[in-house]
Structures are given as C-alpha cells and as structure tokens.
Amino acid sequence: ACDTLRAEGGILMKKKTIGIIGGMGPMATADLFQKITMHTRACCDQEHLRVLIDSNIHIPDRTAAILHGGADPLPELTASARGLERQGAELLLMPCNTAHYFYDGVQAAVQVPVLHMIRLTARALEARGVKTAGLLATDGTVQTGIYQQCFADTDIRLLTPDGADQQAVMEMIYQGVKAGRRDYDASRARRAMAALLDRGAETLILGCTEMPLAVRLYGLDFPVTDPTLELALAAIREAGAETI
C-alpha cells in the first residue's frame, strides 16, 4: 500500500519534508525537483517525497556579489531558508554552486540541516576512484576556491578552464541558459570542455546548476558529473526514501 512510512529496524519512520531554496535560477530549481522526483523509488503519488520550493528570484546574483561588490545574497538566502523551515521543511537544499560561498550563514540561520552539494560531489567522485576532474563553473565559484576547499582532503586534482575558455563557459551560462536561449551557439564552450579532457580530466564537473541544462539544450556529449544529481540523490536518502 502507498503511504509515507518506511520500515527501519522494525520501526515505521515518517519521511522528511525537503525544502528547496530556489530561484538561482528558476530552471535549475525545476531541474533539481525533477531529479528528486525521477530518482525516488515510488509506485504512486503518495510514496513520493513532500517538497517545498521557494523560487526566490529576489536573491541577488552570487557571482556579482562575490567578485564585483554587488548586493549581498545572504539576507534573501536566509529568509528563504527560515520560511521553508517554518512551513515544515526538515532538510534544505540550495541548487546553486556559487551560493555555497554563503553556506555557513544559511546553515546558522536554521535548525534543520542544509545539505552541501559540493561536499557531496567530492565524496561521490572519490568513491568512484576519479583522480582528475575538470570544473565547469561561474567565475564566482572558480575564483573563491569553493570546490578546491571541498576537494582538499581528497586525492582528486581539479582542473579549471584557461582564460578565454572560462569566459566561454560563463557566456554559455548567462547568455545561453539564464537568458532562455535554445538557439545559443555553444561551440566555444564545447572547445573549452574538450580542452579540459585533453589536459587529463576524466570527468567534467557541472559546477553551475545551469550546466546540466546546457548539456541537454546544446547537445554537449562529454563525460560529466552532475552535482545537482548528487544533491538530489543525497536528499532522497536523507529524507528516508530509496533511490533508483
């Protein structure tokens, strides 16, 4: 029978409600929700997880804040986190890599756990035995060293695109996906991705939550690791459901 309980050690456990601090951007938020839904083992509606989504488009751009003195995203991030907690969320997710620069402030604002997408990705790659990975991310994520910090206690070497290649990745994120352009010419970004593989990367980390969308929209056929998927899988397990 369909219900929201699972057996654990002979005790029935209620599944936890997930809260998504979204809007960074809206398409990336929808992508995370879809991945949670698609990867939850369920035979009917009632066996899925309850997910609360705040697609807060008022959260200022994270890269602009970090690199160019733009508006601070933390007040809106914490407002969303607290709002979701008040509504009953028992664990929180942030589908934005760059937003993890503000992770400590968000976690300090609530009593429920905030899953850390980048740490989860580091653990997943380490478990797979990856030794060298290329990072495709915003300037903000790359220059703050968030990934480097989270990968510091692993044996994984991180490669980042050089100069013009990093610019090509940024343009695809902002002028392609965030701008809603399905006709965007991703040829320069494609060359940037190929260059990382030529330098020895075994996989390309889609270190911006728009990157999984870019891969699908623009037919970028490369070996990739999707942090959004790693976050979705961890959230499903943390919430008390099974993954598929």
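In what follows, the accompanying structure is described. Since this is a predicted model, take the numbers as computed values, not measurements. (Residues numbered from 1 in each chain as written. Predicted model: local features only at pLDDT ≥ 70, side-chain atom pairs only at ≥ 80, totals over all residues. Heavy atoms only, no water.)

### Comments concerning the state of the cysteines
With the rule as written, the count across this model stands at zero disulfides. In this model Cys150 remains outside any disulfide bridge; the closest cysteine sulfur is found in Cys96, 14 Å from its own. Accessibility expressed as a relative area gives 15% for Cys150, which makes it buried. (Disulfide = S-S within 2.5 Å. Buried < 20%, exposed > 50% of the residue type's maximum accessible area, 1.4 Å probe, protein only.)

### Observations concerning the sheet that holds strand β9 (residues 224-225)
Taken in spatial order, the four strands line up as β7-β6-β8-β9 in an open sheet, and their pairing is parallel. Either end of the sheet is taken by a strand with one partner, and the two such strands are β7 (157-159) and β9. One ladder, built from four bridges, connects strand β6 (residues 132-136) with strand β8 (residues 203-206); its direction is parallel. Paired with Ala133 across the bridge in β8 is Thr203. (Pairing = 2+ DSSP bridges. Helix = DSSP H or I, 4+ residues; strand = E, 2+ residues; numbered from the N terminus.)

### A few points about the environment of Leu136
With respect to the helices and strands, the residue Leu136 is situated in strand β6. Along the sequence, Leu136 and Cys208 sit 72 residues apart, while their C-alpha atoms lie 6.9 Å from each other. Those residues in contact with Leu136, other than ones at most four positions away along the chain, are Pro161, Val169, Met193, Leu196, Leu204, Ile205, Leu206, Gly207, Cys208 and Met211. (Contact = heavy atoms within 4.5 Å.)

### A look at the sheet that holds strand β3 (residues 18-22)
Whether parallel or antiparallel, the strands of a sheet pair through hydrogen bonds between backbone atoms. Pairing within the open sheet is parallel, and its three strands lie in the order β4-β3-β5. Each edge of the sheet is formed by a strand with only one pairing partner; in this case those strands are β4 (51-55) and β5 (91-93). Averaged over all pairs of adjacent strands, the angle between strand axes in this sheet comes to 20 degrees, irrespective of strand direction. Here β3 pairs with β5 via three bridges, running parallel. In the strand pairing of β5, Gly19 is matched with Leu92. Lying on the sheet, helix α1 (residues 26-38) is in contact with β3, β4 and β5; it crosses β3 at an angle near 160 degrees. (Axes fitted to C-alpha atoms, helices over the stretch in contact; angles between N-to-C directions.)

### A look at the pattern of salt bridges
Enumeration according to the criterion identifies 10 salt bridges in this entry. For Glu238, the salt bridge identified is with Lys16, shortest N-O distance 3.5 Å. Separated by 222 residues along the polypeptide, Glu238 in helix α11 (residues 227-238) and Lys16 in the loop between β2 (11-14) and β3 bring together distant segments of the chain. Note on Lys16: relative accessible area 30%, which makes it partly exposed. In the salt-bridge network here, residues are joined through shared partners; they are Asp31, Lys35, Arg216 and Asp226. (Salt bridge = Lys/Arg side-chain N within 4 Å of Asp/Glu carboxyl O.)

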